[in-house]
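Coordinates in review
The residues making up each chain are set out below.
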Amino acid sequence: MRFAAPDLSRDALAKVTDEIAAHAAEFDRTGDIPWPGLEAAHRAGLLTATVGTQFGGPGLGPRDTARILTAIGEGDASVGLLAANLLNTHTAQATHPTWPAGYYDDLLRRSAEGPALANAIRAEPELGAPARGGLPKTTITRVGDGWLLNGHKAYATGGAALAYHVVWATADDGRVGHVIVPGESAGITWVDTWDHIGLRASNTHDVVYADVRVPADAFVEIPRGADGVYRDPAAATGPGSFGHPALYLGVARAARGAFADYARSRVPTALGRPIAETERIQSVAGEIELQITQAETLLHGALLRLAAGDQPDLSAIKVAIARSVIAATQTAVAALGNPGLSRHHPLERHLRDALCIRVHPPQEDAVLLASGRRVLKKDK
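So, here's what we can say about the structure. Since this is a predicted model, take the numbers as computed values, not measurements.

What about unusual backbone geometry?
Residue Pro361 is joined to Pro362 through a cis peptide bond whose omega torsion reads 0 degrees. You will see that Leu199, though not glycine, has its phi angle at about 50 degrees, which is positive. Note on placement: Leu199 falls in the loop between strand 6 (188–191) and strand 7 (205–215). Phi is positive for Asn203, which is not a glycine, with a value near 55 degrees.

Below is the structure:
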């Protein structure tokens, strides 16, 4: 099976952005899986862009992936999040192949036919964010020539649309790892808990696994780090971890576009011309552009440094990108006043989506604490 490399020209990506954006408001309202946006990304070959060359894919790298996710995120942040998780899954399989061959072949077969989503399912109601440490209560138990999976997961982005789950669990022999689970497996129940301020169409619901049977090779152990935290080598901080910042950069771009459209069309009676012609609005537009430029430079600059063998502080760079994305979007909303907060204007949705960048690990407080400790640590 072969997957062609997508057209990443500016015009081609802009066309996909527009197709996805045409449905974004509707699915933000309903909270349904945004299939039209996913299908637009699939038709353009964007959802299989990181399938490894050994599996017949184009095997695109971090910078191209970032460009793809920025374009998708500019159209709809929820589609961007679903795409980011899927592209990261393909990247992980390309660099650290762990899936049972039959399962990954099936995912690729489905991907040739239409959008086929996959995502790592890690958080739990009591545990919270896995990045903070702790062990999953979700368990797998040996039964004959396979395993039985049992547990309750939270914030499982993709919901019932997931073709495959990559579930973080503890084995009955004490090992910790991921279990590859087909989404249609018997014993999987979804609990509709997602009623969020942003990313409303991402379907980040809870999921319960009750005696879900998987084969023996569906479990892959994760090594434990020196700090006691289990980190999947395939999901460790690195170039591929910039997918989430990239999609939110797209949200900031969408906010810039919505602000500009409003400013060009708004003609107050007392002014007699579009507010876009006033110096105040032009200065605001300049501030928005500055923040977006800063975020873009941080994102692609970090990836270029990594490619050159440098080791920048990726966690700090992610925090800085998040601040710029939120600042750009809030600046646009604040300048427009009530219209910027109206459900009748897309800026309100972009603001809600942009704020969600803070949720993704590493969180700002942990990054600042770690950075501060390094600065203040006495040299030995």
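Focus: the packing of helix 6 (residues 243–265) against helix 9 (residues 346–355)
Contact pair helix 6 / helix 9: the axes reach a minimum separation of 9 Å and the direction vectors enclose 160 degrees. Comparing their axes, helix 9 and helix 6 come out roughly antiparallel. The hand of the helix 6/helix 9 crossing is left-handed. Across the interface between the two elements, Tyr248, Val251, Ala254, Ala255, Ala258 and Phe259 of helix 6 pack against Pro346, Leu347, His350, Asp353 and Ala354 of helix 9.

Regarding the pairing of strand 3 (residues 146–156)
Among the eleven residues of strand 3, eight are classified as buried, and the element is accordingly described as predominantly covered. Where strand 2 (residues 139–143) and strand 3 come together, five bridges link them in antiparallel fashion. Pairing of Ile140 across the sheet is with Leu149, part of strand 3. The turn joining strand 2 and strand 3, which pair antiparallel and follow one another in sequence, is formed by two residues; a positive phi near 60 degrees is taken by Gly144.

A short note on the environment of Pro268
Structurally, the position occupied by Pro268 is in the loop between helix 6 and helix 7 (279–307). Pro268 sits 132 residues away from Pro136 along the chain, and the two C-alpha atoms are 57 Å apart. Discounting chain neighbours no more than four positions away, the residues touching Pro268 are Arg273 and Ile275.

Comments concerning the nonpolar core
Counting residues in hydrophobic clusters, the biggest one holds 98 residues, and the most contacted among them are Trp99 and Phe259. Sequence-distant contacts of Phe259, defined by excluding residues within four places in its chain, comprise Ile281, Val284, Ala285, Ile288, Ala332, Ala335, Leu336 and Leu347.

Focus: the side chain of Gln93
Relative to the helices and strands, Gln93 is located in helix 4 (residues 77–95). A polar atom in the side chain of Gln93 sits 3.0 Å from the backbone nitrogen of Thr98.

Remarks on the packing of aromatic side chains
One pass over the full model with this rule turns up six aromatic pairs. Taken together, a centroid distance of 5.5 Å and an interplanar angle of 50 degrees make the contact between Tyr103 and Tyr164 tilted. Remark: Tyr164 occurs in strand 4 (residues 162–171) and Tyr103 occurs in helix 5 (residues 101–113); sequence separation between them is 61 residues. Of the residues examined, Tyr103 reaches a relative accessible area of 18% and is grouped as buried. We classify Tyr164 as buried; its relative accessible area is 2%. Each residue in the set Phe55, Trp99, Tyr103, Tyr104 and Tyr164 is aromatic and connected to the rest through ring pairs, giving one cluster. The lysine or arginine in question, Arg142, covers the ring of Trp147, its NZ or CZ lying 4.4 Å from the ring centre. The ring of Phe242 is capped by Lys318, whose NZ or CZ atom sits 5.7 Å from the centre of that ring.

Rules used in this analysis
- Residues numbered from 1 in each chain as written.
- Predicted model: local features only at pLDDT ≥ 70, side-chain atom pairs only at ≥ 80, totals over all residues.
- Heavy atoms only, no water.
- Helix = DSSP H or I, 4+ residues; strand = E, 2+ residues; numbered from the N terminus.
- Axes fitted to C-alpha atoms, helices over the stretch in contact; angles between N-to-C directions.
- Parallel < 35°, antiparallel > 145°, perpendicular 65-115°, else oblique.
- Left-handed = near helix turned anticlockwise from the far one by under 90°.
- Contact = heavy atoms within 4.5 Å.
- Buried < 20%, exposed > 50% of the residue type's maximum accessible area, 1.4 Å probe, protein only.
- Pairing = 2+ DSSP bridges.
- Core = buried A, V, L, I, M, F, W, Y, C linked by side-chain atoms within 4.5 Å.
- Polar contact = N/O pair within 3.5 Å; in protein donor to acceptor, adjacent residues only side chain to side chain.
- Phe/Tyr/Trp six-rings, centres within 6.5 Å; stacked < 30°, edge-to-face > 60°.
- Lys NZ or Arg CZ within 6 Å of the ring centre and 35° of its normal.

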